Amino acid sequence: MAKLTAAGVRNAKPGRHYDEHGLCLVVKPSGARSWVQRLTIRGRRRDLGLGGFPLVTLAEARATALENRRLARAGGDPIALRNAGAAPTFREAVDRVIAIHEPNWKDGGKSAKQWRSQMRDYALPKLGRLRVDEITPADVMRVLLPIWTTKRETARKLRARIGMCMKWAVAEGWRSDNPAGDAIGAALPRNGAHKRHQKALPHRDVAGAIAKVRASNATTAARLAFEFLVLTACRSGEVRGARWSEIDLDEALWTIPGERTKTGREHRVPLSNRALAILDEAAGIADGSGRVFPSPTGRALSDSTLSKLVRELGIEAVPHGFRSSFRDWCGEATSAPREVAEAALGHAVGNVVEAAYARSDLFDKRRDLMQRWARYLNPTAAPVVPLRVDGTDASA
């Protein structure tokens, strides 16, 4: 194959023009010229951009191509060598880590928003422009120390999030350690932070909370969603996003698909008589959106709807806390086995080995447990015949 010449490079027509050692001149229809080298690096065919002509001359491109080929034949990686020292900044790492994890965050963008605001307020002013391979434990200390004892929970989360970005950098080969990990564990003062649990009511007070909500001026959807949340012991997002297509009235069953659960696994929820009565009322506000508890706009109720409702009514709990109330009732007022109570909450039971053998979701036992919970909350309620969404008798 004839080698390229300086004159040939200047006058080459659009297309690919080959030289030695895999070097190729690429000429675009616009006339722009660039150098590309094709090499086999550790068994893989790779293309390396070597720059544009005339900034990179034919002689310079040949010299670089020869050096790259020698390195590749010796088992090296010219691409990794070229990228050395070109690690992304911490700001870029934050964006990439959020992009990786955001599809798995099932909170409507809330986690991504918290990540960005916390990084903007505390980490990026000091770390944002630094490359991830430059950041030291001392740099992380300068971020955390000002808030370590005054904003304990914020500092704890911030350290974990910086650590996630650094672990990403380790996985990408930009560095070999996590400067937000054990390296600063001994240097940071003990802040005495304790895990704060979600505010919850004693189980004996839950019926009173339901009565308050029923008598409130909240929208029908909000009132029904709240009681349904308590009766099913499900998470707020699962209830607010419930769709009629997930409900089987004939089987008294609500199947939450894996993409809407925190665990990523499908969760079958047995519906008590009172839960079915709630659905009977909800059928009367169906708006064609397919949502069981639609907002006035037809969308799912917002994250703050139920939280604001209980707060304004003076109920000393948050929506998630009613799961704790249910769990306490299971342990204190029933003889339900632990695994049944945990399965009712959609929790994984036991370790990995136990889970591999415990394939049953204990549905029949959970159905009895949820019926007893409903009777505990409303002992005088009479069974009802629920209606389908179209208003017909579900038992027909």
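Computed from a predicted structure; not experimentally measured. (Residues numbered from 1 in each chain as written. Predicted model: local features only at pLDDT ≥ 70, side-chain atom pairs only at ≥ 80, totals over all residues. Heavy atoms only, no water.)

A.B. asks: What am I meant to see in the confidence of the model for the chain here?
C.D. replies: When pLDDT is low, close inspection of the predicted coordinates is not appropriate. Looking at the chain, the pLDDT average stands at 85 and 88% of residues meet or exceed 70. Considering only residues more than four positions removed or in separate chains, one finds that residues 384-396, a stretch of pLDDT under 50, has 28 contacts. (pLDDT = per-residue confidence, 0-100. Contact = heavy atoms within 4.5 Å.)

A.B. asks: Which parts of the structure should I look at to understand the sheet that holds strand S3 (residues 33-41)?
C.D. replies: Backbone hydrogen bonds hold the strands of a sheet together, and the pairing may be parallel or antiparallel. In space, the four strands of this open sheet follow the order S1-S2-S3-S4, with antiparallel pairing throughout. The open sheet terminates on both sides in strands that have one partner only, identified here as strand S1 (15-18) and strand S4 (44-53). Neighbour-to-neighbour, the strand axes of this sheet turn through a mean angle of 30 degrees, independent of strand direction. Note that S3 and S4 share nine bridges and pair antiparallel. Within S4, the residue paired with Ser-34 across the bridge is Gly-52. Relative to S3, helix H2 (residues 58-73) is tilted by about 10 degrees, and along the sheet it contacts strand S2 (23-27), S3 and S4. (Pairing = 2+ DSSP bridges. Helix = DSSP H or I, 4+ residues; strand = E, 2+ residues; numbered from the N terminus. Axes fitted to C-alpha atoms, helices over the stretch in contact; angles between N-to-C directions.)

A.B. asks: Explanation requested: the nonpolar core in the structure shown.
C.D. replies: Soluble globular proteins tend to pack their nonpolar side chains together in the buried interior. Core analysis: the biggest nonpolar cluster contains 53 residues, and Trp-254, Leu-271, Phe-293, Phe-322 and Phe-326 have the highest contact counts within it. Counting residues per element, the ones that place at least two in this core are helix H9 (206-214), helix H10 (220-232), strand S6 (253-256), helix H12 (273-283), helix H13 (303-312), helix H14 (321-333), helix H15 (338-344) and helix H17 (363-377). It is H10 that contributes the most residues to this core, nine residues altogether. Among all residues touching Phe-326, those that are not within four sequence positions of it are Ala-233, Ala-341, Ala-344, Leu-345, Leu-369, Met-370 and Trp-373. By size, the runner-up hydrophobic cluster in this structure holds 31 residues, among which are Val-94, Leu-124, Cys-165 and Leu-188. (Core = buried A, V, L, I, M, F, W, Y, C linked by side-chain atoms within 4.5 Å. Buried < 20%, exposed > 50% of the residue type's maximum accessible area, 1.4 Å probe, protein only.)

A.B. asks: Even after reading the chapter, I still don't get the side chain of Asn-178, so can you show me in this structure?
C.D. replies: The topology assignment puts Asn-178 in the loop between helix H7 (152-171) and helix H8 (182-185). A polar contact of 2.9 Å, which involves the side chain of Asn-178, links it to the backbone nitrogen of Ala-180. Look past the residues within four positions of Asn-178 in its chain and what remains in contact with it is Gly-163, Met-166, Lys-167 and Val-170. (Polar contact = N/O pair within 3.5 Å; in protein donor to acceptor, adjacent residues only side chain to side chain.)

A.B. asks: Is there a simple way to explain helix H5 (residues 110-127) in this structure?
C.D. replies: Every α-helix winds through 3.6 residues per turn, so residues three or four apart in the chain are directed the same way. The largest bend in H5 is about 55 degrees, located at Arg-120. Within the sequence span of H5, burial applies to Ser-111, Ala-112, Trp-115, Gln-118, Met-119, Tyr-122, Ala-123, Leu-124 and Leu-127. Residues of H5 that are buried sit in contact with helix H4 (90-101), helix H6 (137-148) and H7. (Bend = angle between axes of the 7 residues up to and from the residue.)

A.B. asks: Can you help me understand the sheet that holds strand S5 (residues 247-248) in this one?
C.D. replies: The strand order S5-S6-S7 describes an open sheet built from three strands, whose pairing is antiparallel. Lying at the two open borders of the sheet, with one neighbouring strand each, are S5 and strand S7 (267-270). Two strands pair when backbone bridges link them, and S6 and S7 are joined in this way by four bridges, in the antiparallel orientation. In the sheet register, Leu-253 faces S7, and the bridge partner there is Pro-270. Strands S6 and S7 of the sheet are contacted by H17, whose axis makes an angle of about 45 degrees with S7.

A.B. asks: Any chance you could explain the packing of H6 against H7 here in plain terms?
C.D. replies: Angle between the axes and distance between the axes: these two values describe a pair of packed helices. Between H6 and H7, the shortest axis-to-axis distance is 9 Å and the interhelical angle comes to 165 degrees. One way to sum up the angle between H6 and H7 is to call them roughly antiparallel. The two elements H6 and H7 meet at a crossing, and its hand is left-handed. Across the interface between the two elements, Val-140, Val-143, Leu-144, Ile-147 and Trp-148 of H6 pack against Arg-152, Thr-154, Ala-155, Arg-156, Leu-158, Arg-159 and Ile-162 of H7. When grouped by side-chain class, the residues that make up the contact of H6 with H7 number eight nonpolar, one polar and three charged. (Parallel < 35°, antiparallel > 145°, perpendicular 65-115°, else oblique. Left-handed = near helix turned anticlockwise from the far one by under 90°. Nonpolar A, V, L, I, M, F, W, Y, C, P; charged D, E, K, R; others polar.)

A.B. asks: For this particular structure, what's the right way to read the pairing of S1?
C.D. replies: Within a regular beta strand, the side chains point alternately toward one face of the sheet and then the other, so they alternate between its two faces. Direction of pairing for S1 relative to S2: antiparallel, over a ladder of four bridges. Bridge assignment links Arg-16 to a residue of S2, and that residue is Val-26. Following S1, the chain reverses through four residues before pairing antiparallel with S2; His-21 in that reversal takes a positive phi of roughly 60 degrees.

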